[in-house]
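Structural characterization, general
Spelled out from the first residue to the last, the chains are:
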Amino acid sequence: MGQGDDQQRDLIANLDFHVEAGFDLFLDEAPHDRFAEADAPEPSRPAAPPRERTAPAVRDESFRTELPQRGAPPPPAPAAARTFGQSASAKPGEAAGDARARAKDVQSLEELEALLAGFDGCPLKFTAKNLVFADGNPAAKLMFIGEAPGADEDRVGKPFMGRSGKLLDRMMAAVGLDRTNAYVTNIVPWRPPGNRNPTPQEVSICKPFIERQIELADPDLIVCLGSPATQAITGTKDGILKARGRFFPYRVGDREIRALATLHPAYLLRQPLQKRLAWRDFRTLRAALDGKA
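Below, the structure is looked at part by part.

Reading the values: the criteria
- Residues numbered from 1 in each chain as written.
- Predicted model: local features only at pLDDT ≥ 70, side-chain atom pairs only at ≥ 80, totals over all residues.
- Heavy atoms only, no water.
- Phe/Tyr/Trp six-rings, centres within 6.5 Å; stacked < 30°, edge-to-face > 60°.
- Helix = DSSP H or I, 4+ residues; strand = E, 2+ residues; numbered from the N terminus.
- Buried < 20%, exposed > 50% of the residue type's maximum accessible area, 1.4 Å probe, protein only.
- Lys NZ or Arg CZ within 6 Å of the ring centre and 35° of its normal.
- Pairing = 2+ DSSP bridges.
- Contact = heavy atoms within 4.5 Å.
- Core = buried A, V, L, I, M, F, W, Y, C linked by side-chain atoms within 4.5 Å.
- Expected span 1.5 Å × (residues − 1).
- Arc of directions from axis to C-beta.

This part is about the packing of aromatic side chains. As enumerated under the stated definition, the model contains 2 aromatic pairs in all. Each ring, one from Phe 144 and one from Phe 282, has its centre 6.1 Å from the other, and the planes form 20°; the classification is stacked. Taken together, the residues span a long stretch of sequence, with Phe 144 in strand 2 (residues 142–146) and Phe 282 in helix 11 (residues 275–289) at a distance of 138 residues. The same class applies to Phe 144 as to Phe 282, namely buried. The cationic tip of Arg 258 hangs over the ring face of Phe 247; the distance from NZ or CZ to the ring centre is 4.3 Å.

Here strand 4 (residues 221–225) pairs with strand 6 (residues 255–262) via 5 bridges, running parallel. Each bridged residue has a counterpart across the sheet, and for Cys 224 the counterpart in strand 6 is Ala 261. Bridge count for strand 5 (residues 247–252) against strand 6 is 6 bridges, and the pairing is antiparallel. Counterpart to Val 252 in the pairing with strand 6 is Arg 255.

Tracing the chain through its elements places Gly 150 in the loop between strand 2 and helix 5 (151–156). Judged by relative accessible area, which is 13%, Gly 150 ranks as buried. Put simply, Gly 150 and Arg 163 are 13 residues apart on the chain and 10.0 Å apart in space, counted from C-alpha to C-alpha. For Gly 150, the residues in contact, after removing those within four places along its chain, are Arg 191 and Asn 195.

Further remarks concern the nonpolar core. In this structure, Ile 145, Ile 187, Ile 214 and Ile 222 are the most contacted members of the largest nonpolar core, which totals 37 residues. Of all the secondary-structure elements, those providing two or more residues to this core are helix 3 (92–103), helix 4 (109–118), strand 2, helix 7 (200–217), strand 4, helix 8 (227–234), strand 5 and strand 6. Top contributing element to this core by residue count: helix 7, with 7 residues. In this structure Ile 214 touches Met 143, Ile 145, Pro 219, Ile 222, Ile 233, Tyr 250, Val 252 and Ile 257, once residues within four positions along its chain are discounted. Counting residues in each nonpolar core, the second largest holds 26 residues, with Leu 142, Val 184, Leu 268 and Ala 278 among its members.

This paragraph deals with helix 11. Taking 1.5 Å per residue as the helical rise, helix 11 with its 15 residues ought to reach 21 Å, and the 21 Å between its terminal C-alpha atoms agrees with that figure. Among all positions of helix 11, only Leu 277, Ala 278, Asp 281, Phe 282, Leu 285 and Ala 288 are buried. End-on view of helix 11: buried residues confined to an arc of 135°, all on one side of the axis. Looking one or two residues beyond helix 11, the residue adopting positive phi is Gly 291, at roughly 75°.

Treat this as a map of the structure, not an account of what it does.
Have a look at this one:
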């Protein structure tokens, strides 16, 4: 191995050292002592020629921004453009109050559906595909109320359209009913993500709408399907297995409507053995419609 090879090896080793030390770029071929340059006196610079004095510019006060004084409250933020109904970022109590104020002025079910289509106070609206308002005969004296739409209902835009809806139709047919003599809806008109139960806050925001829907439909009997609907409509804290089969009073002004609690069809699909309990409840429903209970 010759002397040139030794120099090349030393040069490569030196480069590797600098790379490992963090140097990846050389700015000059010759090294510079920057410490010595820092201690050297700064070279004198030629004096700049005198600037010609000009008239002061007129300040444009229209673009002036006053800085807030120390301790002063921050200036109010500009008001955001108001949507129809409270924003989804509003507090649940504020959104529910706004919903109640708007729902009481609605005079028909068609107006109520249009109101819900423009209401932005419930966050579920922004994750759902469609508003699921109602199905069946709004002039019927029997009203079924579930908890919230599922994936099939969200796609179609009508309540109880999937497997649980088909089971509900069979349960109704077993006691001589169908959707021509019943009105079907939910306490929450938008699908919760993942088909979860609606939260108490979501129910609170939507409750004024279902209450107004009951007032406008004016049924003689209500069937609450499942625990969320039963608790929201009747106010009971009992679970559905304890509340089912019982009539609860529901007041609309001076009038009292009876509300029957029963199991939700989706629950019956998961627990087929409980269909016997639902059958008892629907027989009670049939007797009530016939004036025998």
